[in-house]
Amino acid sequence: MQASFPQAGIERNHITSKMKTWKRDYWYLASILHRPGFGWNVNENRLVAQEKVWNDFVREQPQLRRYRDMQFSNFIQWGHIFGCWEN
């Protein structure tokens, strides 16, 4: 990266950190999607569930609350990189 884009200031640790974050997000999303009541909105690239399902989930896993309203446009691509996801 440094050789190709010297002005960008991107270093190995930046790439490693971003990949680690993407991998973590992918596996959290995949595990949530395997739970009853959750689905994936392909148009909005985000998790969907009825209000009660979300509320119950957040009570059980409060640290994952942020995934409720986030969009993940690269989720399918992450599946090819980090694991296998079947719709």
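What you see is a predicted model; the values in this text were computed from it and never measured. (Residues numbered from 1 in each chain as written. Predicted model: local features only at pLDDT ≥ 70, side-chain atom pairs only at ≥ 80, totals over all residues. Heavy atoms only, no water.)

A.B. asks: I keep staring at the overall build of the chain and nothing clicks. Help me out?
C.D. replies: A count of helical and extended segments in the chain gives 3 helices and 2 strands. In the chain, the order of α-helices and β-strands from amino to carboxyl end is α-β-β-α-α. Put simply, the chain has 87 residues, and 23% of those count as buried. Taking contacts inside the chain between residues at least 6 apart in sequence as the whole, the part at least 24 apart equals 51%. Carbon and sulfur atoms make up 51% of the accessible area of the chain, which totals about 6400 Å². (Helix = DSSP H or I, 4+ residues; strand = E, 2+ residues; numbered from the N terminus. Buried < 20%, exposed > 50% of the residue type's maximum accessible area, 1.4 Å probe, protein only. Contact = heavy atoms within 4.5 Å. Areas by Shrake-Rupley, 256 points an atom, 1.4 Å probe, with all protein chains shown as cover.)

A.B. asks: Would you mind going over the pattern of salt bridges with me for this structure?
C.D. replies: Side chains bearing opposite charge may pair, as long as their charged atoms lie close to each other. The full count for this structure, using the stated rule, is 7 salt bridges. Here Arg68 makes a salt bridge to Glu51, at a shortest N to O gap of 2.7 Å. Highlighted residues: Arg68 in the loop between α2 (51–60) and α3 (75–82) and Glu51 in helix α2, separated in sequence by 17 residues. Here the residues in one salt-bridge network are Arg24, Asp25 and Arg66, joined through shared partners. (Salt bridge = Lys/Arg side-chain N within 4 Å of Asp/Glu carboxyl O.)

A.B. asks: Sorry if this is basic, but what is going on with helix α1 (residues 12–33) here?
C.D. replies: Think of an α-helix as 3.6 residues a turn; residues three or four steps apart then line up on the same face. When the terminal C-alpha atoms of α1 are compared, their 32 Å separation across 22 residues agrees well with the 32 Å that a helix rising 1.5 Å per residue should span. Listed in full, the buried residues belonging to α1 are Asp25, Tyr26, Leu29, Ala30, Ile32 and Leu33. Buried residues along α1 cover an arc of 155° about the axis, so they all sit on one side. Opposite the buried face of α1, at more than 90 degrees from it, the exposed residues are Arg12, Asn13 and Lys20. Where α1 is buried, its residues contact β1 (39–41), β2 (46–48), α2 and α3. (Expected span 1.5 Å × (residues − 1). Arc of directions from axis to C-beta.)

Nothing here speaks to function; it is all geometry.
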